[in-house]
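Below, each chain spelled out in residue letters.
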Amino acid sequence: MKLLVYTIVMVLVCVPAFMVYENHRQDDLTRKLALDAIEVSLSPAPVVIRAAGRIEGRTEQIGLRARLAEQIEQIHVTQGQWVAKGETLLSLDSELLLQERNLAAALLEMEEAKKERLENGYRPSEIETAKQEHQAAVARLEGAQKTYDRGVKLSENNAISWQTLDNMLVDLGSLRATAAAAKSRLETLEMPPRNDDMLAAQASVRAAESRLRIAQINLDRSRITAPTAGRILSVDAEVGEMTAPSSAKPLIIMTDTSQLRAVGEVDEFDALNVVIGQACAIKSDAAEGVLAEGKVIEIESLMNPKQLFGQWAGERTDTYSRRIWIELTGAADLPVGLPVEIYIETE
């Protein structure tokens, strides 16, 4: 009986105390949850910027046209082929240009030979021949002078006619002129080249070198080479077709696809919220889910009218935009030019 009474008393005392403790614990837990909810609500939710874009390579698409008006002789590449920098992609008919280059090379050799001959002077044999000719002219002059002197004495004694004496004088004058000419020629051969002659020869060589360089440049332009390593996206040319620099469409389009990028245009309302290094997700109507991820690596400093459109509901089309470039990861098989939607995560 006493045990029963003791049990009843303990129940009446402990149950109210436990209920009070439980109520306090529930109140504390409720207040803690409320504070956590307030902290979560105060934390800023990440803002995602949506932008229209397209896939491109490390470089933008490069359109290659002929730099000469000539007939296409050979096409060395096919669509989808990977090429190295400087590799020949297409050749034009170059026979005429080749002959012009050869002619310019021959003219340069001729001008260089003239300059070298001027520097070296005349051959020793030519100088020796001129000396002998001068000596012979002097000897004939001396003989004629002696003959004329005798004629003068004879004419004083009327041994010869005045006509004969006049003929001797004419011969003497002629031989004097011949001896003077021989002497001048010898001196000319022995003199070093004149400065103005050397300048003229050097100028002729430089002019010939320039002609050769121009001919070589024109010959090189008969080949279209890859300006950078990359993949051939399209070939719009046929062997035998005439082409020119003014052609409406490029003959070859290529780009460097070793590292794919996405280029996008951010609306002017969000242009100042994009910074380099922000994470991005790339999606497309061509496939479900995220095609690739990446980060912003370049932001254009100039705002321009919008040119890329996503065609989604509510898209603004008559605004200015800021172009950005995103380096992609995990996008090795995406085709260049694929329209995409870019989601940029901002804090």
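Since the model is a prediction, treat every value here as computed from it, not as a measurement. (Residues numbered from 1 in each chain as written. Predicted model: local features only at pLDDT ≥ 70, side-chain atom pairs only at ≥ 80, totals over all residues. Heavy atoms only, no water.)

A few points about the overall build of the protein
The helix and strand inventory of the protein stands at five helices and 14 strands. Put simply, of all contacts in the protein between residues at least 6 apart along the chain, 78% involve residues at least 24 apart. Surface summary for the protein: the accessible area is close to 22600 Å², and the carbon and sulfur share equals 55%. (Helix = DSSP H or I, 4+ residues; strand = E, 2+ residues; numbered from the N terminus. Contact = heavy atoms within 4.5 Å. Areas by Shrake-Rupley, 256 points an atom, 1.4 Å probe, with all protein chains shown as cover.)

A short note on the nonpolar core
If you look at the biggest cluster of nonpolar residues, it comprises 21 residues, and the most contacted ones within it are Ile55, Leu328 and Ile342. For this core, the secondary-structure elements that each account for two or more residues are strand 1 (47–56), strand 10 (261–267), strand 11 (279–284), strand 12 (287–305), strand 13 (320–329) and strand 14 (339–346). With residues near it in sequence (within four places) discarded, Ile55 still touches Leu260, Arg261, Ala262, Ile282, Leu328, Leu334, Pro335, Val336, Gly337, Leu338 and Val340. With 18 residues, the next largest nonpolar core counts Leu90, Leu92, Leu219 and Ala237 among its residues. (Core = buried A, V, L, I, M, F, W, Y, C linked by side-chain atoms within 4.5 Å. Buried < 20%, exposed > 50% of the residue type's maximum accessible area, 1.4 Å probe, protein only.)

Some words on the sheet that holds strand 9 (residues 252–255)
In space, the four strands of this open sheet follow the order 2-9-7-4, with antiparallel pairing throughout. Because the sheet does not close on itself, it has two edges, and the strands there are strand 2 (62–64) and strand 4 (82–83). Strand direction decides the pairing type here: strand 2 and strand 9, joined by three bridges, are antiparallel. Following the sheet pairing, Gly63 is matched in strand 9 by Ile253. (Pairing = 2+ DSSP bridges.)

Focus: the pattern of salt bridges
Here the structure, examined in full by the defined rule, presents eight salt bridges. Measuring nitrogen to oxygen at the nearest pair gives 3.3 Å for the salt bridge that ties Arg316 to Asp267. Note that Arg316 is positioned in the loop between strand 12 and strand 13 and Asp267 in strand 10, a separation of 49 residues in sequence. Asp267 gets classed as buried once you look at its relative accessible area, which sits at 13%. When salt bridges with common partners are traced through the structure, they connect Asp267, Glu268 and Arg316 into a single cluster. (Salt bridge = Lys/Arg side-chain N within 4 Å of Asp/Glu carboxyl O.)

A look at the pairing of strand 1
Relative to strand 14, strand 1 is paired through eight bridges, and the arrangement is antiparallel. Paired with Ala52 across the strands is Glu341, a residue of strand 14. Bridging between strand 1 and strand 10 involves five bridges; their strand directions are antiparallel. Considered in strand 10, the bridge of Arg54 is made with Val263.

Considerations on the packing of aromatic side chains
Here a ring pair, both rings aromatic, is described through the centre-centre distance and the interplanar angle of the planes. Taken as a whole, this structure holds zero aromatic pairs when the rule is applied. Over the face of the ring belonging to Trp312 we find Arg50, whose NZ or CZ atom lies 4.0 Å from the ring centre. The ring of Phe269 has Arg316 lying over it, and the distance from NZ or CZ to the ring centre is 4.0 Å. (Phe/Tyr/Trp six-rings, centres within 6.5 Å; stacked < 30°, edge-to-face > 60°. Lys NZ or Arg CZ within 6 Å of the ring centre and 35° of its normal.)

Examining the packing of helix 2 (residues 95–120) against helix 5 (residues 195–220)
Relative to each other, helix 2 and helix 5 sit at 165°, their axes nearing to 8 Å. The pairing of helix 2 with helix 5 is recorded here as roughly antiparallel in orientation. Considering the relative orientation of helix 2 and helix 5, their crossing is left-handed. Residues belonging to the contact of helix 2 with helix 5 are distributed by class as follows: 14 nonpolar, four polar and nine charged. (Axes fitted to C-alpha atoms, helices over the stretch in contact; angles between N-to-C directions. Parallel < 35°, antiparallel > 145°, perpendicular 65-115°, else oblique. Left-handed = near helix turned anticlockwise from the far one by under 90°. Nonpolar A, V, L, I, M, F, W, Y, C, P; charged D, E, K, R; others polar.)

Here's the deal with the sheet that holds strand 8 (residues 242–243)
Pairing is antiparallel in the open sheet, where four strands are placed in the order 6-5-3-8. Unpaired on one side and paired on the other, strand 6 (223–225) and strand 8 mark the two borders of the sheet. Where strand 3 (residues 70–75) lies against strand 5 (residues 88–92), three bridges are found, and the strand directions are antiparallel. Pairing of Gln74 across the sheet is with Ser91, part of strand 5.

Notes on unusual backbone geometry
Although it is not a glycine, Gln311 sits at a positive phi angle of roughly 65°. You can see Gln311 is positioned in the loop between strand 12 and strand 13.

Regarding the packing of helix 3 (residues 124–156) against helix 4 (residues 162–190)
Running from N to C, helix 3 and helix 4 cross one another at 160°; their axes reach a closest spacing of 8 Å. Put simply, helix 3 runs roughly antiparallel to helix 4. Crossing angle aside, the handedness with which helix 3 passes helix 4 is left-handed. Looking at the contact of helix 3 with helix 4 residue by residue, the classes come out as 18 nonpolar, six polar and eight charged.

Brief notes about helix 3
For helix 3, spanning 33 residues, the distance from its first C-alpha to its last is 48 Å, which sits close to the expected 48 Å at 1.5 Å a residue. Those residues of helix 3 hidden inside the fold are in contact with helix 4. At the exit of helix 3 stands Asn158, carrying a positive phi of roughly 60°. (Expected span 1.5 Å × (residues − 1).)

Description of the pairing of strand 12
Of the pairings in the sheet, the one linking strand 11 to strand 12 comprises five bridges and is antiparallel in character. Among the inter-strand pairings, Ala279 is bridged to a residue of strand 12, identified as Lys295. Taken together, strand 11 and the strand that follows it, strand 12, pair antiparallel across an intervening segment of two residues. Here strand 12 runs beside strand 13; their pairing, made up of nine bridges, is antiparallel. If you follow Ile299 over to strand 13, its bridge partner there is Ile324.

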